[in-house]
Amino acid sequence: GAVVSQHPSWVICKSGTSVKIECRSLDFQATTMFWYRQFPKQSLMLMATSNEGSKATYEQGVEKDKFLINHASLTLSTLTVTSAHPEDSSFYICSARDPAGGSYNEQFFGPGTRLTVL
Amino acid sequence: GDSVTQMEGPVTLSEEAFLTINCTYTATGYPSLFWYVQYPGEGLQLLLKATKADDKGSNKGFEATYRKETTSFHLEKGSVQVSDSAVYFCALSDHGNQFYFGTGTSLTVIP
């Protein structure tokens, strides 16, 4: 099946610094990738939809200048948390659709990145 | 808009007990329905899915039937194991990009 990887799996940073998280589709080309945020013991919240070669579409309430998304190739999307603060600490999960996979609605999820901002 | 309502947890069961986690949905069209499982410290894994009414998704002893008349997609397993301890998310997807997740149900199975 389709595999999505994320790197790093775990990162600790100081307040005020920026952190980049990578999401890769390993065996398929993903024209669309999604970024979610999960708070402890809560469900996933869609942050933005990342489209290859165009600007990301952000959900209401998500600061696009703080969470920069770049989808420069069909297999890679990056999320950069700029000027991170402790309240940005969370579990970030990406997913991707494989339009050639036949299951049009299915998304394949990465293993997640745990960000801790000190 | 579309949404998913999921049984609140946590749920604690003894090994070999019967499991039901309720899930109902609201959708304007004909969505696909999913159950995902999240083990501690990991991302989401697709457990099973159903793409149209009356379809039954099944995997690893888990089953769920897409019931359009009751707008439900309840997850069941006849005999749970300790290794089934995880958080289970019900989700729906319309025919675009959007996925809607339930709040998750934590399951703990004790020996």
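Residues numbered from 1 in each chain as written. Chains lettered and ligands numbered in written order. Predicted model: local features only at pLDDT ≥ 70, side-chain atom pairs only at ≥ 80, totals over all residues. Heavy atoms only, no water.

**So, the layout of surface pockets**
Then comes step 1: Counted as a void, the largest pocket has a volume near 460 Å³.
Then comes step 2: Lining the largest pocket are 25 residues, and of these Gln38, Lys41 and Gln42 of chain A together with Gln38 and Val87 of chain B lie nearest its centre.
Then comes step 3: Broken down by secondary-structure element, the contributors of at least two residues to the lining of the largest pocket are strand E10 (86-93) and strand E12 (105-110) of chain B.
Then comes step 4: Of the volumes computed, that of the second largest pocket is approximately 170 Å³.
Then comes step 5: Lining the second largest pocket we find 12 residues, and of these Ala2, Val3, Val4, Phe108 and Phe109 of chain A sit closest to its centre.
Then comes step 6: Elements supplying a minimum of two residues to the lining of the second largest pocket: strand E10 (107-109) of chain A together with strand E6 (44-50) of chain B.
Then comes step 7: Residue composition of the lining of the second largest pocket, grouped by class: 8 nonpolar, 3 polar and 1 charged. (1 Å grid on protein atoms, 1.4 Å probe; cavity = no way out; pocket = protein on both sides within 12 Å on 5 of 7 lines; lining within 4 Å. Points joined across faces, edges and corners; volume = space filled by probe spheres on them. Helix = DSSP H or I, 4+ residues; strand = E, 2+ residues; numbered from the N terminus. Nonpolar A, V, L, I, M, F, W, Y, C, P; charged D, E, K, R; others polar.)

**Remarks on the environment of Asp94 of chain B**
Then comes step 1: Looking at where Asp94 of chain B falls in the secondary structure, it is placed in the loop between E10 and strand E11 (99-101).
Then comes step 2: Along the backbone, Asp94 of chain B and Asp2 of chain B are 92 residues apart, and their C-alpha atoms lie at a distance of 8.3 Å.

**Some details on unusual backbone geometry**
Then comes step 1: In this structure, the amide linkage connecting His7 of chain A to the following residue, Pro8 of chain A, adopts the cis form with an omega of 0°.
Then comes step 2: Within the fold, Pro8 of chain A resides in the loop between strand E1 (4-7) and strand E2 (10-13).
Then comes step 3: With an omega of -5°, the peptide bond running from Gly9 of chain B to Pro10 of chain B counts as cis.
Then comes step 4: Here the phi dihedral of Asp54 of chain B falls at roughly 75°; this positive angle occurs in a residue that is not glycine.

**Here's the deal with the sheet that holds strand E3 (residues 19-21) of chain B**
All names here are of chain B.
Then comes step 1: What the 4 strands build is an open sheet, ordered E3-E9-E8-E7; its pairing is antiparallel. A single partner strand is all that each edge strand has here, and the edge strands are E3 and strand E7 (56-59). Neighbour-to-neighbour, the strand axes of the sheet open up by a mean angle of 15°, direction not taken into account.
Then comes step 2: Here 4 bridges tie E7 to strand E8 (residues 62-65), and the two strands are oriented antiparallel to one another. In the sheet register, Ser58 faces E8, and the bridge partner there is Glu63. (Pairing = 2+ DSSP bridges. Axes fitted to C-alpha atoms, helices over the stretch in contact; angles between N-to-C directions.)

**Here we look at the pattern of salt bridges**
Residue and element names in this part refer to chain B.
Then comes step 1: With the rule as written, the count across this model stands at 5 salt bridges over all chains.
Then comes step 2: The partner of Lys77 in a salt bridge is Asp84, and the shortest N-O contact between them spans 2.8 Å.
Then comes step 3: Lys77 sits in the buried class, given a relative accessible area of 10%.
Then comes step 4: According to the relative accessible area criterion, Asp84 is buried, its value standing at 7%. (Salt bridge = Lys/Arg side-chain N within 4 Å of Asp/Glu carboxyl O. Buried < 20%, exposed > 50% of the residue type's maximum accessible area, 1.4 Å probe, protein only.)

**Looking at the packing of aromatic side chains**
Then comes step 1: Overall, the coordinates contain 15 aromatic pairs over all chains when judged by the stated rule.
Then comes step 2: One aromatic cluster is present, formed by Tyr36 and Phe109 of chain A together with Phe34, Tyr36, Phe89, Phe99 and Phe101 of chain B through successive ring pairs. (Phe/Tyr/Trp six-rings, centres within 6.5 Å; stacked < 30°, edge-to-face > 60°.)

**Brief notes about the state of the cysteines**
All names here are of chain A.
Then comes step 1: Applying the stated rule across the entire model yields 2 disulfides over all chains.
Then comes step 2: The partner cysteine of Cys23 in its disulfide is Cys94, sulfur to sulfur 2.0 Å. Negative torsions about the S-S bond denote left-handed disulfides, and the value of about 80° found for Cys23 with Cys94 makes this one right-handed. On the criterion of sequence distance, the pair formed by Cys23 in strand E3 (residues 19-25) and Cys94 in strand E9 (residues 90-97) is long-range, its members being 71 residues apart. In terms of burial, Cys23 and Cys94 fall into one category: buried.
Then comes step 3: Here Cys13 is not cross-linked by a disulfide; its sulfur's nearest cysteine counterpart is in Cys94, at 18 Å.
Then comes step 4: The class for Cys13 is buried, based on a relative accessible area of 8%. (Disulfide = S-S within 2.5 Å.)

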